[in-house]
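Below are the chains, spelled out letter by letter.
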Amino acid sequence: YSATFTSSTTIETVNITPKLSGTNFTNTTSINVVIGSASKLTLVTAPSGAVNGINFSGQPVIWITDASGHKITSSTSDVVVSIKSGTGSLSGITTVSAVAGVATFTNLSILGTVGNFELTFSSAGLSSVNSNAFALSIGSQTITFAPLNNATYGDAPTDLSATTSAVGKSITYSVANSTICSVSG
């Protein structure tokens with residue numbers, strides 16, 4: 001016979017009692033089951049809901065674990081996140097100290113080129129973990145123009161002003177009929 005220990009998240013004592021034809025014996029033996037030492041990071045909650053320049057709606061959660069994936073509740077290791085693939089910059093708090101073996105990110109966002117991204121999570125002395133690819137979308141966009149006065153042919157040029165909700169984007173102007181009006185600047 002052999003005893004196999006399949007799951008534990010804490011240090012435990014397991015009592016093993018022998019039986020003979022279904023009858024328990026009074027002598028037992030005890031085995032202390034312990035969790036291994038911290039060796040890797042495990043992605044528990046993947047980043048999701050990534051809109052350009054806006055905090056992810058689903059923020060990443062990382063566990064510090066032993067080789068078998070058991071959370072090391074005594075760990076306070078720092079976990080650092082960086083962009084593995086995709087063109088852009090990561091904003092927010094990118095280094096988080098684990099509490100009871102859990103590193104919870106709360107305000108990450110990416111400002112970059114719309115498309116697929118992957119993140120890498122790392123911690124000194126531990127195996128890193130990568131997120132699966134997720135999409136960075138552009139989100140909704142609006143352009144708001146400042147009020148314009150009516151113009152008469154021959155008037156001085158009219159200043160154009162507008163703002164946009166599209167993070168990191170600039171506004172350019174054009175006209176449909178350049179024989180009546182031109183835009184420069």
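Just above, that's the structure.
The structure presented is a predicted model; accordingly, all values stated were derived computationally and were not measured.

Reading the values: rules and limits
- Residues numbered from 1 in each chain as written.
- Predicted model: local features only at pLDDT ≥ 70, side-chain atom pairs only at ≥ 80, totals over all residues.
- Heavy atoms only, no water.
- Pairing = 2+ DSSP bridges.
- Helix = DSSP H or I, 4+ residues; strand = E, 2+ residues; numbered from the N terminus.
- Axes fitted to C-alpha atoms, helices over the stretch in contact; angles between N-to-C directions.
- Phe/Tyr/Trp six-rings, centres within 6.5 Å; stacked < 30°, edge-to-face > 60°.
- Lys NZ or Arg CZ within 6 Å of the ring centre and 35° of its normal.

Details of the pairing of strand S13 (residues 115-122)
Phase 1 of the analysis: Of the strand pairs in this sheet, strand S8 (residues 78-85) and S13 are connected by five bridges, and their pairing is antiparallel. Bridging from a neighbouring strand, Val81 pairs with Phe121 of S13.
Phase 2 of the analysis: Inspection of the sheet shows S13 paired to strand S15 (residues 134-137) by three bridges, in the antiparallel sense. Opposite Phe117, over in S15, you have Phe134 as the bridge partner.
Phase 3 of the analysis: Two strands pair when backbone bridges link them, and S13 and strand S14 (residues 129-130) are joined in this way by two bridges, in the antiparallel orientation. Its bridge partner being in S14, Phe121 is matched across the sheet by Val129.
Phase 4 of the analysis: The loop that links S13 with its antiparallel partner S14 comprises six residues; one of these, Gly125, has a positive phi angle of about 80°.

Details of the sheet that holds strand S5 (residues 40-45)
To summarise the sheet geometry, strands pair through backbone hydrogen bonds and adopt either a parallel or an antiparallel arrangement.
Phase 1 of the analysis: Reading across the sheet, the three strands line up as S5-S7-S11 and stay open at both edges, with antiparallel pairing between neighbours. Pairing within the sheet leaves two strands with one partner each, and these edge strands are S5 and strand S11 (102-104). Here the average twist between neighbouring strands, direction ignored, is 25°.
Phase 2 of the analysis: When strand S7 (residues 61-65) meets S11, the two strands line up antiparallel, connected through three bridges. Each residue of the ladder has a partner; that of Val61, found in S11, is Thr104.

Here we look at the packing of aromatic side chains
Phase 1 of the analysis: Counted under the stated rule, the structure contains three aromatic pairs.
Phase 2 of the analysis: Between Phe145 and Tyr173 the ring centres are 6.4 Å apart and the planes differ by 55°, which places this aromatic pair in the tilted class. Linking Phe145 in strand S16 (residues 143-145) with Tyr173 in the segment after strand S17 (162-164), this pair joins segments that are 28 residues apart in sequence.
Phase 3 of the analysis: Positioned above the aromatic ring of Trp63, the side-chain terminus of Lys71 is 4.6 Å from the ring centre.

All we've got here are geometric facts, nothing functional implied.
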